[in-house]
Each structure stands twice: as C-alpha cells, then as structure tokens.
Protein chains: 2
Amino acid sequence: METITIADGIAQVNSTFMKAIRRKDAAAAAACYSADGMVLAPQSEPVVGRKAIETFWNGFIKAGVTEVNLTTTEVIEAGNIASEVGRYLVMASRKELDHGKYVVVWKIESGEWKLHRDIWNTSAGA
Amino acid sequence: METITIADGIAQVNSTFMKAIRRKDAAAAAACYSADGMVLAPQSEPVVGRKAIETFWNGFIKAGVTEVNLTTTEVIEAGNIASEVGRYLVMASRKELDHGKYVVVWKIESGEWKLHRDIWNTSAGA
C-alpha cells in the first residue's frame, strides 16, 4: 500500500499552484487555497477568500509575472494543519523580479491539503 | 481549577516579548523563541537560534526601535503547535516606523509556548 506523506501532499499542491501561474490561470491558483484562505502579501492588506485571492494572483499575472517558483525547506505536521517554510523566486520571463522566503499554514479541507495562511517577504537587499 | 488556554499562553509570551523590547532587553526577547527558533524578516536571510535572534533584535533596538506592538487576530491550535496571525506596529519613541502583519508558528517546549517560526511584512503602501 502506498502512503502519501504530508510533505508529498504539499509538494503536489505547490506543483499545481506553480503550473497554474505559468499558464496564467489565477482561478486554478486560488483553488489551491482553503475556502477562507488568507494571503498576507507585502504592501497589501490581508486578502481573504478564494475570489479575492484569484483577483490578487491575477494582478501578479497582469503585472507580467510568468513564474512563481517555490522550494520547500521544512514541513512541520500537526494533525489537520501543517506549517511549511520555503523559498520563492518570482520571474517575469527570464528576469528575476524578487526572491525571498515564506511560511504557509496548510489545512486539510475535504481530504485535501490547502494553503490556509500564506505570508512572505523579500530577501532582496539581505 | 483554572485553565490556561493556548490563546492565553500566547498572549502572555507576546506580552513578555513586548516588555523585553521596551526595556531594550534583546536576550529576554530571544528567550521567547524556541531553541531552534527562526526569524524570517524582510530584507534579511533567515535568522536561526536564540543567540542569532538576540543579535537580530538588538540590532532593532540599536536602530532606535522603542516598541514592537503585537495584536493577535487569530490563533489556530493543533496539538503541540499553534498558528497565530496578527498585526504589528513598530515605534521609535512616539513615531511609527512601520506597521504590518505577521504569522507565528508556535511550539510547546518544556511545557511553555515559544515562537518557533516568525515572519512578517509591511502593510505600508497598501
């Protein structure tokens, strides 16, 4: 019997998210979040719920972002939630726009891992 | 019998942290973190461990920060860890230097709640 670990489950959703951004599909990116998911982005008020999160990522895509690359560095499991730490790289075509780190609190919703609280900041200038 | 809720436990440590900053005691601020605690600050590489975290907060104090005010907006409990979302306000004397939001992943260590993963970003310009 195969077992899917939490880290695998999170990796799958991150992969789905990255592919969604690459094909400019903000709705598919937003579908990776929980129903009451929250994006806590720099220079922004908290963005709550899938519809608002779709609009948020659509703004990124319209601004020229072609890739958001995520690399998980840690997953801590705790029942129905998990904490992930990772690094991100935001690209516009072949140009780096930003790089930094993030924390995502994941939540199981209808048997699937969803991004529940998503926050990041830049490492530029470090 | 009195029960201390997780939210109370977190509020107590946040209060301890805020008082430590106010009296310019970076070691006491760092003691609020887990032994392998991590501060993920903007424009900075990850800061890992109490000694490095003490140096980090000492840098804030030396730069003129007199208060870091924390307001919890959400706590999600999950066994030995908890996720907190909140708002911060950084002051230099009576002047606001920055305001924004944060996520802290808390961990129980020797029966006490400790900041384990701490990340924030500014809401300035939002």
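Presented here is a report on the structure given in the accompanying data block. What you are looking at is a predicted structure, and each value in this text was computed from that prediction instead of being measured. (Residues numbered from 1 in each chain as written. Chains lettered and ligands numbered in written order. Predicted model: local features only at pLDDT ≥ 70, side-chain atom pairs only at ≥ 80, totals over all residues. Heavy atoms only, no water.)

### As for the interface of chain B and chain A
Let me state the cut-off plainly: The criterion used for residue contact is that any of the two residues' heavy atoms lie within 4.5 Å. Criterion for a salt bridge: a side-chain nitrogen of Lys or Arg within 4 Å of a carboxyl oxygen of Asp or Glu. Definition of a polar contact: a pair of N or O atoms within 3.5 Å, with one able to donate and the other able to accept a hydrogen when the atoms are protein atoms, and with sequence-neighbouring residues admitted only if both atoms are side-chain atoms. Put simply, DSSP H or I for four residues or longer makes a helix, DSSP E for two residues or longer makes a strand, and each gets a number counted from the N terminus. In this classification, Asp, Glu, Lys and Arg are treated as charged, Ala, Val, Leu, Ile, Met, Phe, Trp, Tyr, Cys and Pro as nonpolar, and every other residue, Gly included, as polar.
Contact residues are listed per partner, giving 29 residues for chain B and 29 residues for chain A. At the surface where chain B touches chain A, the tally comes to four salt bridges. Note that Glu74 of chain A is salt-bridged to Arg117 of chain B, the shortest N-O span being 2.7 Å. Applying the counting criterion to the chain B and chain A interface returns 14 residue pairs in polar contact (both at pLDDT 80 or more). Secondary structure elements with two or more residues in the side of chain B that touches chain A: β1 (33-40), β3 (67-78), β4 (81-92), β5 (95-109) and β6 (112-122) of chain B. For the side of chain B that touches chain A, the element with the most residues is β6 of chain B, which contributes six residues. Counted by class, the side of chain B that touches chain A contains 16 nonpolar, eight polar and five charged residues.

### Brief notes about the relation of the copies chain B and chain A
The condition that has to hold: The atoms used to superpose the copies are C-alpha atoms, taken from residues with pLDDT of at least 70 in both, and the fit is least squares.
At an RMSD of 0.0 Å, chain B and chain A line up after a rotation of 180° and a shift of 0.0 Å along the axis. In symmetry terms, the pair is related by a two-fold rotation axis. Both copies share a contact surface, since 100% of the interface residues of chain B are interface residues in chain A too.

### Some remarks on the environment of Gly86 of chain A
Residues and elements named next belong to chain A. Note the following rule: Exposed residues in this analysis have more than 50% of their type's maximum accessible area, buried residues have under 20%, and partly exposed residues fall in between, with area computed by a 1.4 Å probe over protein chains only.
Structurally, Gly86 is set in strand β4 (residues 81-92). Here Gly86 falls in the buried class, since its relative accessible area comes to 2%. Residues Gly86 and Ile6, 80 residues apart in the sequence, show an inter-C-alpha distance of 15 Å. For Gly86, the contacting residues outside a window of four places in its chain are Thr71, Thr72, Thr73, Gly100, Lys101 and Tyr102.

### Some details on the environment of Ile10 of chain A
All names here are of chain A. By secondary structure assignment, the location of Ile10 is in helix α1 (residues 6-22). When its relative accessible area of 0% is taken as the criterion, Ile10 is described as buried. Sequence separation between Ile10 and Ala31 is 21 residues; the distance between their C-alpha atoms is 14 Å. Apart from the residues within four sequence positions on either side, Ile10 is in contact with Val75, Ala82, Glu84 and Trp106.

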